[in-house]
Amino acid sequence: MGSDLCSGTADGSAVHTAEFIVSSARLTELHECSAVLRRTRARAEEIVDEARALLAEAERHGDTKRAYLLRDQLEQARERYGQVLSAYLLLSRRISEERQEILRAHMDRDRLQGLSGAA
């Protein structure tokens, strides 16, 4: 009976270790996605700036037809930038939540190990 108790404790520790590994892997994946979105966000911002500059140039030269087209493209670029920014913010929030979950799990495990060590 004593060996069952010990193996249960070892199994619990193994489960915690496995959960930590999975959580850490997930956090790594989210960080990688965040890096891609960060680069995408920066590029989307550059595209908006380029579209704005092209529009300003067309307006300076009095090219109304081109300015009309560029205004539409600028608006589309802004919309896409907003979508990328929203995705980036959502992912950043999720990373923060997962990081908190991992820290909370570590603290709970440490607290339980401290209690079981005292008993």
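The model shown is predicted, which means the values in this text are computed figures rather than measured ones. (Residues numbered from 1 in each chain as written. Predicted model: local features only at pLDDT ≥ 70, side-chain atom pairs only at ≥ 80, totals over all residues. Heavy atoms only, no water.)

A look at the overall build of the protein
Okay, step 1: Summing up its helical and strand segments, the protein has two helices and zero strands in all.
Okay, step 2: Burial analysis of the protein (119 residues in total) assigns 18% to the buried set.
Okay, step 3: Looking at the protein alone, contacts between residues at least 24 apart form 71% of all its contacts between residues at least 6 apart.
Okay, step 4: Split by element, the accessible area of the protein, about 8800 Å² in all, is 58% carbon and sulfur. (Helix = DSSP H or I, 4+ residues; strand = E, 2+ residues; numbered from the N terminus. Buried < 20%, exposed > 50% of the residue type's maximum accessible area, 1.4 Å probe, protein only. Contact = heavy atoms within 4.5 Å. Areas by Shrake-Rupley, 256 points an atom, 1.4 Å probe, with all protein chains shown as cover.)

Quick notes on the packing of aromatic side chains
Okay, step 1: Applying the stated criterion across every chain yields a total of zero aromatic pairs.
Okay, step 2: Over the face of the ring belonging to Tyr 88 we find Arg 41, whose NZ or CZ atom lies 4.8 Å from the ring centre. (Phe/Tyr/Trp six-rings, centres within 6.5 Å; stacked < 30°, edge-to-face > 60°. Lys NZ or Arg CZ within 6 Å of the ring centre and 35° of its normal.)

With respect to the side chain of Ser 34
Okay, step 1: Residue position: Ser 34 is located in helix α1 (residues 2–60).
Okay, step 2: In contact with Ser 34, not counting residues within four places along its chain, are Tyr 88, Leu 91 and Ile 95.

Quick notes on the confidence of the model for the protein
Okay, step 1: Here the protein averages 83 in pLDDT, while 86% of its residues score no lower than 70.
Okay, step 2: Across residues 1–8 the pLDDT falls below 50, and counting only partners more than four positions away or on other chains, this stretch makes zero contacts in the model. (pLDDT = per-residue confidence, 0-100.)

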